[in-house]
Amino acid sequence: MTLNIGVIGCGMIGRDHARRIQQVLAGAQVVALSDVNAANAESVRKDLAPQARIYETGEALIAAPEVHAVLVTSWGATHEPYVLAAIAAGKPVFCEKPLATTAAGARRIVDAEVAFGRRLVQVGFMRRYDAGYLALKAAVEQHTGAPILVHAAHRNPAVPEAYVTPMAIHDTLIHEIDVFRWLLDDDYVSARVLYPRNSERSHTQLRDPQVVVLETAKGVLIDVEIFVNCHYGYDIQCEVVGEDGTARLPEPMAVDMRLGAKRQSTILTDWKDRFVASYDVELQDFIAAASKGGATGPSSWDGYAAAVTSDACVQAQESEGQSVAIELPARPALYK
Ligand code: NAI
Ligand code: ISE
């Protein structure tokens, strides 16, 4: 059976996911597209999915009988109503991060899915599918002994002018928030944010870089540097310090060159290249589960836990250096 997918939001990542469904992955095709900017949907249809029908609204796309499953790749603030509509229609839905821009919105999705009685939602936390993070998790579980500390960095070369301080949390840190819960099999209990002087490449509405310190229920302390104007490249670093040793996230493969009395290798500059393989694996996983009418991988509960943590981190940003408590209610049986 070929899974018929409808894509809502045909910008950068919507286009890229449509490309992988049409050209890279097996078992699915894009049959429907929708975007508030109709030109974006038309451009994806023309370049990648000539068979797709364009719908004026995301709601109409979700209701369309030929659509078996939905991809939500519109702006973050618009995810919640589309995911809720897909659940109401009983259709599997892959939602890019964030699941919702507030914890209350993510909770409404959890409650709707629990009421439906079966998992339908996969959240686009693709790092869980990255070969490097999977190898790091295996090393932590088998070799380093119980984790005590994590040192991490999330560096982007530059961001658009519209990117402001809280986005460092809900647009950028949200990947670390999810991947460290998964890596350590743990939950967060508190967050603090510290700022050095502002980078000269930043502006008055963006404190950059910043350091987020998260503490987990098992007592692990995690420091994450977020530096979105680092200039030199897109660089994701992570080192876990355990009782018996340390384990570090592998660098992306790069040729080691010796030229002009220097050793050098290329550093990537675009997040699309850094995680290209994991986007492929996460969507193939979605296609496999959605073809059976369900969902797998990062769940609504994971999206909710990330939203609760992001809300606390934004509060911590505003209370410069003070610790903010993070509390999750009991996990519903659907996600155990
Ligand atoms: P974008 O701005 O390039 O594309 C978003 C598209 O959604 C635009 O074409 C816009 O017109 C459309 N849109 C906005 N509101 C809509 C609505 N209500 N209904 C239908 N279409 C609507 O943004 P980008 O970078 O593609 O990001 C989209 C989402 O994907 C965001 O939530 C972002 O956080 C996430 N993302 C995830 C990444 C990852 O690494 N997993 C990487 C980049 C983005
Ligand atoms: C972007 O939206 C992403 O999701 C990228 O993975 C992340 O590295 C970047 O900081 C975000 O702006």
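Remember, it's a predicted structure, so these values are computed and weren't measured experimentally.

(A) The arrangement of the site of ligand 2 in detail. Lys97, His154, Asn156, Asp171, Thr172, His175, Tyr234 and Trp271 make up every residue found near ligand 2. Coverage of ligand 2 by the protein amounts to 87% of the 300 Å² it exposes when considered alone. Of all the elements, helix 7 (residues 167-184) adds the most residues to the shell around ligand 2, at 3 residues. Classifying every residue of the shell around ligand 2 by side-chain character gives 2 nonpolar, 4 polar and 2 charged.

(B) Examining the sheet that holds strand 11 (residues 235-242) more closely. Strand order in the open sheet made by the 7 strands is 12-11-7-10-9-8-15, with mixed pairing throughout. Each edge of the open sheet is held by one strand with a lone partner, namely strand 12 (246-248) and strand 15 (324-325). For strand 11 and strand 12, the ladder comprises 3 bridges, and the chain directions are antiparallel. Along strand 12, the bridge assignment pairs Val240 with Ala247.

(C) Geometry of the site of ligand 1. Neighbouring ligand 1 are 26 residues; Asp35, Asn40, Trp75, Tyr82 and Tyr279 lie closest to it. Contact distances for ligand 1 include 2.8 Å between an oxygen atom and a side-chain N or O atom of Trp75. Considered on its own, ligand 1 offers 840 Å² of accessible surface; in the complex 86% of this is hidden by protein. If you list the elements that add at least two residues to the shell around ligand 1, you get helix 1 (12-23), helix 4 (79-88) and helix 7. Broken down by class, the residue content of the shell around ligand 1 amounts to 11 nonpolar, 11 polar and 4 charged.

(D) Layout of the pattern of salt bridges. All chains considered together, the criterion is met by 23 salt bridges. Note that Arg107 and Asp111 form a salt bridge whose closest N and O atoms lie 3.1 Å from each other. With Arg107 and Asp111 both in helix 5 (residues 103-116), this residue pair falls 4 residues apart, about one helical turn. Residue Arg107 is classed as partly exposed on the basis of its relative accessible area, which comes to 23%.

(E) Inspection of the sheet that holds strand 4 (residues 69-72) at higher detail. Strand order in the open sheet made by the 6 strands is 3-2-1-4-5-6, with parallel pairing throughout. Where the open sheet ends on each side, the last strands, each with one partner, are strand 3 (53-54) and strand 6 (121-123). Sheet topology places strand 2 (residues 28-34) next to strand 3; 2 bridges connect them, and they run parallel. Bridge pairing in strand 3 places Leu33 opposite Ile54. Sitting on the sheet, helix 2 (residues 38-48) touches strand 2 and strand 3, and the angle it makes with strand 2 is about 155 degrees.

About the cut-offs
- Residues numbered from 1 in each chain as written.
- Chains lettered and ligands numbered in written order.
- Predicted model: local features only at pLDDT ≥ 70, side-chain atom pairs only at ≥ 80, totals over all residues.
- Heavy atoms only, no water.
- Near = heavy atom within 4 Å.
- Areas by Shrake-Rupley, 256 points an atom, 1.4 Å probe, with all protein chains shown as cover.
- Helix = DSSP H or I, 4+ residues; strand = E, 2+ residues; numbered from the N terminus.
- Nonpolar A, V, L, I, M, F, W, Y, C, P; charged D, E, K, R; others polar.
- Pairing = 2+ DSSP bridges.
- Polar contact = N/O pair within 3.5 Å; in protein donor to acceptor, adjacent residues only side chain to side chain.
- Salt bridge = Lys/Arg side-chain N within 4 Å of Asp/Glu carboxyl O.
- Buried < 20%, exposed > 50% of the residue type's maximum accessible area, 1.4 Å probe, protein only.
- Contact = heavy atoms within 4.5 Å.
- Axes fitted to C-alpha atoms, helices over the stretch in contact; angles between N-to-C directions.

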